[in-house]
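Below are the chains, spelled out letter by letter.
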Amino acid sequence: MFFRLNPEIRLILGAKNGVIYDFLDNKVYELSSEEKSVLELAEKSKEVEEISRYLGMEGSATEVLEKYKEKNLGEFYEQKPYIEPLRLKSPLSGTFYESPPHLTNFFVELNNNCQHDCPYCGRNTMKRVFGCIGCNVRDGQKNALEGGYYTSVLDQAYKLGAGQIFLSGGNVLEDLDMLSAVLDHCEELHFPAVFLTCHENHVNPYAVNFLNRYTGLNVFLNCSFPVSSRTLEIAGNLQCNLTLVPVVDVTDMSEEDVTEKIQHEYEKVQNRRVSWQIDYCSSDFTKDYSKISLFGKERTKNATLQFFERCQEYHPCLGGILTISSDGNVYVCRVIREKSLGNVVDTNLSEIMRNRKEEIKKFWNLNRDKITPCRNCEYRYSCMDCRAIEADMYYTNLCRYDPHTGKWT
């Protein structure tokens with residue numbers, strides 16, 4: 001007798017344990033070391049009776065496998081079966097031909113101006129987990145682009161198949177005439193989604209009325225923590241799709257304080273018509289990451305087939321993104337700025353993607369199979385990740401799971 005997992009189920013092995021992904025219910029099932037070994041051999045079409053003997057098990061491999069049959073994750077077969085896994089992409093993709101580059105997320109910085117000096121701003125030493133959706137000012141970066149350049153760049157991004165547009169900068173609400181031209185052009189091009197990042201300090205009644213003209217716009221409203229009454233008032237007046245992004249400095253907080261205070265602030269907004277995305281900042285995440293749930297099991301919750309296949313080929317965050325700074329320079333990541341790929345004042349996006357293809361691929365194709373110790377982790381295809389806050393592009397320090405012991409800290 002043989003046992004095989006169903007086509008919609010995927011077994012991924014880690015250094016010690018393993019997981020099963022159920023892509024119908026978007027669930028992840030954790031496996032012990034013994035369960036991993038039993039299923040690994042079953043997936044290689046080894047007879048069930050032989051698995052127990054091969055592993056020297058005290059119990060029966062049949063008992064282990066019955067548990068997954070009862071959960072409708074697999075079946076027993078009299079003859080050796082052939083089970084083709086469920087896929088969204090062709091299994092030949094990347095084998096006989098290379099997939100064309102696909103620009104998924106396009107970040108556009110509209111200026112580099114802000115009169116405030118938040119400790120978590122890009123020009124300061126504090127790092128943010130979600131710096132890409134923050135309003136940032138960079139020392140030495142000029143405002144070289146005018147409104148006409150932005151509409152031209154958006155036209156180029158549209159031709160490259162950009163799916164989501166992220167508008168940001170220092171204070172994007174500083175020049176509403178230019179912002180209006182950019183947003184109107186985004187509507188003309190029918191991008192699937194447009195996001196705008198601003199800070200509570202930038203929003204006045206006139207800006208609220210302006211933003212309410214764009215009911216389909218998605219707004220990330222960065223704000224200090226705890227959430228102020230002014231922020232809640234702004235949230236109540238905005239009619240667009242609003243996500244509050246409170247930035248929590250965890251430097252002098254315990255893990256219990258972080259959890260308790262976030263829950264207290266969430267109670268202020270849970271009955272309001274807004275979304276909620278906590279951001280975290282620290283001057284040294286290597287000391288503070290263990291206080292943050294995002295570096296624990298919370299980071300492994302995405303178990304969709306689409307995300308799984310994306311993570312097999314690309315980095316979950318860096319894959320498919322490009323950034324245009326306010327001086328026209330092109331980068332992959334909005335936060336990692338080692339070297340510009342080119343400048344849209346001098347050339348267009350398609351030429352930059354063609355001429356700097358290998359440098360772009362270094363970021364886009366940095367899947368977890370190329371990162372230590374992620375390559376040995378069973379959660380590597382369901383885990384979010386930020387390279388910008390790690391000290392090494394190819395090594396992960398900021399994670400509360402050790403794949404070699406199979407334990408969370």
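Above this text you will find the structure in question.
Residues numbered from 1 in each chain as written. Predicted model: local features only at pLDDT ≥ 70, side-chain atom pairs only at ≥ 80, totals over all residues. Heavy atoms only, no water.

With that settled, the discussion passes to helix α12 (residues 357-364). Restricting attention to buried positions, one finds in α12 the residues Ile360, Phe363 and Trp364. Seen end-on, α12 carries its buried residues on one side only, within an arc spanning 95°. Residues of α12 that are buried sit in contact with α10 (305-313), β14 (321-324) and α11 (349-355). (Buried < 20%, exposed > 50% of the residue type's maximum accessible area, 1.4 Å probe, protein only. Helix = DSSP H or I, 4+ residues; strand = E, 2+ residues; numbered from the N terminus. Arc of directions from axis to C-beta. Contact = heavy atoms within 4.5 Å.)

What follows concerns the nonpolar core. Counting 91 residues, the largest nonpolar core has Phe106, Tyr280 and Leu322 as its most contacted members. In terms of residue count, helix α5 (residues 176-189) provides more of this core than any other element does, 7 residues in total. With residues up to four places along the chain from it excluded, the contact list for phenylalanine 106 reads Val153, Ala157, Ala162, Gln164, Ile165, Phe166, Leu322, Ile324 and Leu349. By size, the runner-up hydrophobic cluster in this structure holds 20 residues, among which are Tyr29, Val38, Leu41 and Ala61. (Core = buried A, V, L, I, M, F, W, Y, C linked by side-chain atoms within 4.5 Å.)

Across the junction of phenylalanine 225 and proline 226, the peptide omega takes the value 5°, indicating a cis bond. Within the fold, proline 226 resides in the loop between β10 (218-224) and α7 (229-237). The step from threonine 372 to proline 373 runs through a cis peptide bond, and the omega angle for that step is -5°. In this structure, proline 373 sits in the loop between α12 and β17 (401-402). Even without glycine at this site, serine 45 takes up a positive phi of about 65°.

The next subject is the packing of aromatic side chains. One pass over the full model with this rule turns up 16 aromatic pairs. When the ring of phenylalanine 210 is compared with that of tyrosine 214, the centres are 5.5 Å apart and the planes differ by 55°; the resulting orientation is tilted. In this structure phenylalanine 210 comes out as buried when scored by relative accessible area, which is 5%. Assessed through its relative accessible area of 4%, tyrosine 214 is described here as buried. Ring pairs connect the aromatic residues Tyr21, Phe23, Phe308 and Tyr381, which therefore count as one cluster. The ring of tyrosine 54 has lysine 46 lying over it, and the distance from NZ or CZ to the ring centre is 4.8 Å. (Phe/Tyr/Trp six-rings, centres within 6.5 Å; stacked < 30°, edge-to-face > 60°. Lys NZ or Arg CZ within 6 Å of the ring centre and 35° of its normal.)

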